[in-house]
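Structural characterization, general
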Amino acid sequence: MSRPVRPDLVCPAGSLRALQLAIDAGADAVYMGLKNATNARNFAGLNFDLDQARQGVRYAHERGRQVLMALNTYAQAAEPQRWREAVDVAADIGADALILADPGVMAYARQRYPNLRLHLSVQASATNYEAIEFYRERYGIQRAVLPRVLTLSQVAHVIRNTPVEIEVFGFGSLCVMVEGRCTLSSYATGQSPNNSGVCSPPSAVRWDNVGDDVEARLGGILIDRFTPDEPRGYPTLCKGRFEVGGTVDYAIEEPTSLNTLSVLPDLIKAGVRAIKIEGRQRSAAYVEQVTRTWRQAIDACMAQPERYTVQPSWTAALGRLAEGQQHTLGALSRPWQ
C-alpha cells in the first residue's frame, strides 16, 4: 500500500508581514490578493500592491515555497479588463497558481498562460466531482477548494472520482452556507459577497449604543444585541441572534471556528492534497501562530500516523484564536448520517 501524500499547508497572507511570518512558521504555500475588486477580501488596509506582491513572491520562492494569487471574485461586464490585467500581473510576478471562480477569467488565463496552474476557488461552489470535472475539462483546473458543507465520506467520494487535487479548509471562520451561493447578506445589504468580498460590507454595518447594551445592525436589520460584558464579534447574519419561538438565541450558527485537527489522519488517508487556513483578514500574529501549530500537527501525523493525537498545546493555541473560543468539526462530522 502506497504511503499517503503529505498535504500542503496553505496559509493566508493579508499583508507582506503575514506572508513572511507564514513562510517562516512552515507554510508550504500562501494565498494573497491584490488591492482591488478582483480579490474577495478587498478590505482597506489589507492585501498587496504591485511592489509588495513582487516582494512576497520573491520571499517565498527564495525559501522554496509557493504563492497562490486569489482572483476569486466574478468579473463585472462593465470592466472585464480589470480581471484580465490581474491575471497578467500574477503571471508577470511569478505566482505559482491562480485561485479563480469566474469561468471567463479561467478561459482568459488558460488561453494566455497555458502553463500557469489554475485552482478552483471555493466561491465557485463545486460540491461534487461532476462539477469539478467540468472545470477540469473546460479550463484545465488542477486543484479545487471544497466548500465547508461536505462530510468526510463526501470529501473522500469526490477525491476518488476526479484526478483534480482537492483542498479543504482546516481551521478558521466557519461558513455554514455553500460558499458562492449564500444570498442572506445580499438580501440585507444589496451587495453580493461574491463581489464585495465579505458577508457584511463595512458600509452596511452599524453599531448603536442602547443604554448599556450595543446593538449590531446589518443593512438596518437588527442582528444582535450585546451586554457590556459580552465579546462582540464582527456581525454576520448567519451568526446573529434572533427571536424564534419566543427564545432569543443563535438561530442558524453560533460563532465558533472550524478546527479539523482531530480528523487530520482521515483527511490525509482520503487523499486531501492541501489543508487551507482561513483568515486573510486576521492579524499577522494569528497567521504565525496558526501556521506554526498546523505545521507541527501535519509533520507529526506524517511521521507516525498510527500514534497521532491532538496535543493539548495545539488545542490551547488554536482555542485562543477561535471565534467564541470554541471549535467544531462542522459538516465533517455528521454521526446521524
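Below or above, wherever it landed, is the structure these notes cover. Quantities reported herein were computed from a predicted structural model and do not represent experimental measurements.

1. Some points on the overall build of the protein chain
- Scanning the protein chain for helices and strands turns up 11 helices and 15 strands.
- By the compact-globule yardstick of 20 Å for 337 residues, the protein chain fits well, its C-alpha radius of gyration being 20 Å.
- A burial count over the protein chain gives 50% of its 337 residues as buried.
- Within the protein chain, residue pairs in contact and separated by at least 24 positions form 64% of the contacts whose partners lie at least 6 positions apart.
- Accessible surface computed for the protein chain: about 15400 Å², of which carbon and sulfur atoms make up 47%.
- Between the averaged position of the 36 positive side-chain charges in the protein chain and that of its 35 negative side-chain charges there is a distance of 5 Å.

2. Quick notes on the nonpolar core
- If you look at the biggest cluster of nonpolar residues, it comprises 75 residues, and the most contacted ones within it are Met32, Met69, Leu98, Leu264 and Trp294.
- Per element, the largest residue contribution to this core is nine residues, and it comes from helix H10 (residues 284–303).
- Among residues more than four places away in sequence, those in contact with Trp294 are Leu9, Gly170, Phe171, Asn259, Thr260, Leu261, Leu264, Ile275, Ile277 and Leu318.

3. Quick word on the pattern of salt bridges
- Applying the stated criterion across every chain yields a total of 22 salt bridges.
- Among the salt bridges present, the one from Glu133 reaches Arg136, with a minimum N-O distance of 2.7 Å. Residue Glu133 and its partner Arg136 are located together in helix H5 (residues 129–139), separated by three residues, close to a single helical turn.
- Among the residues examined, Glu133 registers a relative accessible area of 12% and is labelled buried.

4. Here we look at unusual backbone geometry
- At Asn47, a residue that is not glycine, the phi angle is positive and equals roughly 80°.
- Residue placement: Asn47 occurs in the loop between strand S2 (29–32) and helix H2 (50–62).
- Asn47 sits in the buried class, given a relative accessible area of 3%.
- For Ser125, which is not glycine, the phi torsion reads 60° and is therefore positive.
- Note that Ser125 resides in the loop between strand S5 (117–120) and H5.

5. Quick look at the packing of aromatic side chains
- Under the defined criterion, the tally for this structure stands at six aromatic pairs.
- Ring geometry for Tyr135 versus Tyr139: centroids 6.3 Å apart, planes at 35°, classification tilted. Of this pair, Tyr135 and Tyr139 both sit in helix H5, separated by four residues, roughly a single helical turn.
- Overall, the relative accessible area of 12% leaves Tyr135 in the buried class.
- Note on Tyr139: relative accessible area 14%, which makes it buried.
- Seen from the ring of Tyr59, Arg63 lies directly overhead, with NZ or CZ sitting 3.5 Å from the centre.
- It is Arg148 that lies over the ring of Phe169; its NZ or CZ is 3.8 Å from the centre.

6. Here's the deal with the sheet that holds strand S9 (residues 213–218)
- Strand order in the open sheet made by the three strands is S8-S9-S10, with antiparallel pairing throughout. Looking at the sheet topology across the chains shown, the edges are occupied by strand S8 (205–210) and strand S10 (221–226). With direction set aside, neighbouring strand axes in the sheet form an average angle of 25°.

7. Considerations on the environment of Glu179
- By the element assignment, Glu179 lies in the loop between strand S7 (165–173) and helix H7 (184–189).
- Here the alpha-carbon distance between Glu179 and Val272, two residues 93 residues apart in the chain, equals 19 Å.
- In this structure, Glu179 is in contact with Val122, Gln123, Ser125, Pro147, Arg148 and Phe169, ignoring residues within four places of it in sequence.

8. Topic: the environment of Leu237
- Within the secondary structure, Leu237 is located in the loop between S10 and strand S11 (241–244).
- If we skip the residues at most four places from it in the chain, Leu237 touches Leu184, Ser185, Ala188, Leu218, Ile223 and Phe242.

Rules behind the numbers
Residues numbered from 1 in each chain as written. Predicted model: local features only at pLDDT ≥ 70, side-chain atom pairs only at ≥ 80, totals over all residues. Heavy atoms only, no water. Helix = DSSP H or I, 4+ residues; strand = E, 2+ residues; numbered from the N terminus. Rg over C-alpha atoms; globule rule 2.2 N^0.38 Å. Buried < 20%, exposed > 50% of the residue type's maximum accessible area, 1.4 Å probe, protein only. Contact = heavy atoms within 4.5 Å. Areas by Shrake-Rupley, 256 points an atom, 1.4 Å probe, with all protein chains shown as cover. Lys, Arg positive; Asp, Glu negative; His and termini not counted. Charge placed at Lys NZ, Arg CZ, Asp CG, Glu CD. Core = buried A, V, L, I, M, F, W, Y, C linked by side-chain atoms within 4.5 Å. Salt bridge = Lys/Arg side-chain N within 4 Å of Asp/Glu carboxyl O. Phe/Tyr/Trp six-rings, centres within 6.5 Å; stacked < 30°, edge-to-face > 60°. Lys NZ or Arg CZ within 6 Å of the ring centre and 35° of its normal. Pairing = 2+ DSSP bridges. Axes fitted to C-alpha atoms, helices over the stretch in contact; angles between N-to-C directions.

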